[in-house]
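So you can see what is in the structure, the chains are spelled out below.
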Amino acid sequence: MDEPKYTISMAAKLSGISVHTLRMYEREGLIIPFKKSSNQRLYTDRDIERIGCIRSTINEDKINIEGIRRVLALIPCWAIVKCSEEDRKECVAYSGHTKPCWMINHKDNYCSGRDCRQCEVYKSYGNCASIKNKLKELLK
């Protein structure tokens, strides 16, 4: 599921979208492709699932990219990775609500220097139902 194996053209084809749209999703922070040292983007099966969720949210639920980004920004990442209160004080992901945590340049906190692509927060929320299920779990 996490093995980078699809080129950008194959990922676009499997997802039923254009390469241009896939690059736009990346620019907008909705997806983080694996990048080889040559800068070639590769995608995993989990990425293809995430792209499908994005597409259905746009086409069926009629939520635009900004709306999707704002929903993703509401994921309580600090509770998932268990940041300390000290880390939360200066964390834009904790205090803000416009960008998901993986779009923020973290400085001097738990997430500094970590690979967001490997983070539980990013990896766990590509499936459309997973955000709500995590919130239910955290609120018990």
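See the structure above.
For clarity, every value in this text was computed on a predicted model and none was experimentally measured.

### Looking at the sheet that holds strand E3 (residues 41-43)
Inference 1: One open sheet holds the 3 strands; their spatial order is E1-E3-E2, and the pairing between them is antiparallel. Both edges of this open sheet fall to strand E1 (6-7) and strand E2 (34-35), since each of them pairs with a single strand only.
Inference 2: Bridge count between E2 and E3: 2 bridges; the pairing is antiparallel. Residue pairing across strands places Phe-34 opposite Leu-42, the latter belonging to E3.

### Looking at helix H3 (residues 45-59)
Inference 1: Compared with an ideal rise of 1.5 Å per residue, which puts 15 residues at 21 Å, H3 spans 21 Å between its outermost C-alpha atoms and is within 8% of the ideal.
Inference 2: Buried-residue contacts for H3 involve E1, helix H1 (8-15), helix H2 (19-27), E3, helix H4 (65-73) and helix H8 (120-123).
Inference 3: Two or three places before Arg-46, at the opening of H3, Thr-44 has a side-chain oxygen 3.3 Å from that residue's backbone nitrogen.

### Brief notes about the pattern of salt bridges
Inference 1: Tallied over the entire structure, the rule returns 10 salt bridges.
Inference 2: Measuring nitrogen to oxygen at the nearest pair gives 2.5 Å for the salt bridge that ties Glu-26 to Arg-41. Separated by 15 residues along the polypeptide, Glu-26 in helix H2 and Arg-41 in strand E3 bring together distant segments of the chain.
Inference 3: Arg-41 sits in the partly exposed class, given a relative accessible area of 22%.
Inference 4: One salt bridge in this structure joins Glu-28 and Arg-69, with 2.5 Å as the shortest N-O distance. Within this pair, whereas Glu-28 is found in the loop between H2 and E2, its partner Arg-69 is found in helix H4, the two being separated by 41 residues in sequence.
Inference 5: On the basis of relative accessible area, Arg-69 is assigned to the buried category, the value being 10%.

### Considerations on the packing of aromatic side chains
Inference 1: Counted according to the given criterion, the structure contains 2 aromatic pairs.
Inference 2: Seen from their ring centres, Trp-78 and Tyr-94 are 4.9 Å apart, and the 85° between their planes marks the pair as edge-to-face. Of this pair, Trp-78 sits in helix H5 (residues 77-80) while Tyr-94 is found in helix H7 (residues 92-95), placing the two residues 16 residues apart along the sequence.
Inference 3: Ring centres 5.1 Å apart and planes at 80° place the aromatic pair Trp-102 and Tyr-122 in the edge-to-face group. One end of the pair, Trp-102, is in the loop between H7 and H8; the other, Tyr-122, is in helix H8, with 20 residues separating them in the sequence.
Inference 4: Directly above the ring of Trp-102 sits Arg-50, whose terminal nitrogen or CZ lies 5.5 Å from the centroid.
Inference 5: Its guanidinium or amino end placed over the ring of Tyr-110, Arg-114 lies 4.0 Å from that ring's centre, counting from NZ or CZ.

Scoring rules and cut-offs
- Residues numbered from 1 in each chain as written.
- Predicted model: local features only at pLDDT ≥ 70, side-chain atom pairs only at ≥ 80, totals over all residues.
- Heavy atoms only, no water.
- Pairing = 2+ DSSP bridges.
- Helix = DSSP H or I, 4+ residues; strand = E, 2+ residues; numbered from the N terminus.
- Expected span 1.5 Å × (residues − 1).
- Contact = heavy atoms within 4.5 Å.
- Polar contact = N/O pair within 3.5 Å; in protein donor to acceptor, adjacent residues only side chain to side chain.
- Salt bridge = Lys/Arg side-chain N within 4 Å of Asp/Glu carboxyl O.
- Buried < 20%, exposed > 50% of the residue type's maximum accessible area, 1.4 Å probe, protein only.
- Phe/Tyr/Trp six-rings, centres within 6.5 Å; stacked < 30°, edge-to-face > 60°.
- Lys NZ or Arg CZ within 6 Å of the ring centre and 35° of its normal.

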